[in-house]
Amino acid sequence: MSTQTIDQNRFGKVAVVCGGTSTEREVSLNSGKAVLQALLSKGIDAHHFDPKQTDIMALRQYDRVFNVLHGTFGEDGSLQGVLDGFNIPYTGCGVLASAIAMDKFRCRLIWQALDLPNVPYVVLDDETDFDAVEQKLGLPLFVKPAAEGSSVGVMMIEHPGELAKAYPELKQYHGAILAEKALTGGEYACALLGGEALPSIRIIPKGKFYDYEAKYLRDDTIYQCPSDLTEQQEKQMHQIAKDAFSAIGGEGWARVDFLKDTEGKLYLLELNTVPGMTDHSLVPMAARARGMAFDELCLQILSETLA
């Protein structure tokens with residue numbers, strides 16, 4: 001849908017929902033601030049709305065919602081369910097797709113059933129033979145909570161015996177705990193917008209891996225957009241990303257993360273249905289590579305709620 005032909009008055013009063021109480025609160029507030037400024041610059045009657053500070057029932061005063069509430073409640077289908085109950089249109093995925101994408105384990109079960117390429121992984125529990133997992137996946141490997149975003153809780157296991165020591169620390173998080181094979185051919189992101197895939201981005205952190213600090217606090221992470229993928233690999237990534245998004249019933253926009261092995265094969269890592277919209281974020285970066293300014297990107301995402 002072209003944003004050039006949209007009457008801004010049709011959007012009505014828009015709540016930019018951000019903040020909340022999840023581990024991603026600060027990132028969400030930054031995303032919300034950027035989106036709010038962009039929408040206001042486009043003449044949208046947009047307003048900041050933080051569920052931690054304002055009763056969620058107050059959303060009934062708005063005509064639609066731009067959701068940048070990262071993490072629990074905003075990204076797991078909860079907010080979507082509330083808005084469906086209020087009959088208020090909102091950006092992004094619905095209840096089911098949001099809930100599935102937030103749970104990386106169950107999302108992967110769906111992808112596996114469709115023969116989409118997944119990063120090899122093992123689900124950990126109290127009965128796990130951690131030494132056997134280290135041998136199966138090889139070292140180094142990564143371990144993380146399945147229902148957190150922004151690399152919260154992600155740990156790199158480099159030496160034998162470390163997995164058993166790391167596991168108890170991750171039990172504080174909600175959902176399953178995953179151990180994943182370390183694929184060292186590169187980390188990539190593919191943004192989806194209105195049914196189209198945007199140019200891929202290769203992420204090259206200066207540290208050992210793309211952790212929370214590399215994503216939001218450091219300025220030495222290298223982003224290549226367009227990436228170093230061949231034309232064939234780029235087309236393949238676009239198709240896999242679309243298939244992965246379609247498999248969970250995704251709508252609107254998203255970011256699909258990939259790892260590549262040393263032989264050039266692409267593997268799905270995870271799917272983010274409420275991607276970051278900060279100055280470090282990847283979706284705005286991919287949109288710029290396509291010639292779309294940040295304010296136009298925000299308006300395009302919001303325009304999906306008019307459908």
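Residues numbered from 1 in each chain as written. Predicted model: local features only at pLDDT ≥ 70, side-chain atom pairs only at ≥ 80, totals over all residues. Heavy atoms only, no water.

- An unreviewed UniProt entry lists the protein under the name D-alanine--D-alanine ligase, from Moraxella catarrhalis.
- For the protein, the Function (unreviewed entry) comment in UniProt is given as "Cell wall formation."
- We quote the UniProt Sequence similarities (unreviewed entry) comment for the protein here in full: "Belongs to the D-alanine--D-alanine ligase family." (UniProt positions renumbered as here; feature names shortened; annotations may be inferred.)

**Considerations on the packing of helix H5 (residues 130-137) against helix H6 (residues 162-170)**
- One way to put it is that H5 packs onto H6 with a least axis distance of 8 Å and a crossing angle of 115°. For the element pair H5 / H6, the angle class is roughly perpendicular. Remark: the crossing between H5 and H6 carries right-handed chirality. On the side of H5, the interface is formed by Phe 130, Val 133 and Glu 134, while H6 contributes Glu 162, Leu 163, Ala 164 and Tyr 167. (Axes fitted to C-alpha atoms, helices over the stretch in contact; angles between N-to-C directions. Helix = DSSP H or I, 4+ residues; strand = E, 2+ residues; numbered from the N terminus. Parallel < 35°, antiparallel > 145°, perpendicular 65-115°, else oblique. Left-handed = near helix turned anticlockwise from the far one by under 90°. Contact = heavy atoms within 4.5 Å.)

**Notes on the packing of aromatic side chains**
- One pass over the structure, following the stated rule, counts four aromatic pairs.
- Their ring planes at 70° and their centres at 6.3 Å tell us that Phe 105 and Tyr 121 sit as a pair that is edge-to-face. Within this pair, whereas Phe 105 is found in helix H4 (residues 104-113), its partner Tyr 121 is found in strand S4 (residues 121-124), the two being separated by 16 residues in sequence.
- Classification of Tyr 121 as buried rests on a relative accessible area of 16%.
- When the centroid spacing of 5.2 Å and the interplanar angle of 45° are considered together, the rings of Phe 130 and Tyr 167 count as tilted. With a gap of 37 residues between them, Phe 130 in helix H5 and Tyr 167 in helix H6 connect regions that are remote in the sequence.
- We note Arg 108 situated over the ring of Tyr 121; from NZ or CZ to the ring centre the distance is 5.1 Å. (Phe/Tyr/Trp six-rings, centres within 6.5 Å; stacked < 30°, edge-to-face > 60°. Buried < 20%, exposed > 50% of the residue type's maximum accessible area, 1.4 Å probe, protein only. Lys NZ or Arg CZ within 6 Å of the ring centre and 35° of its normal.)

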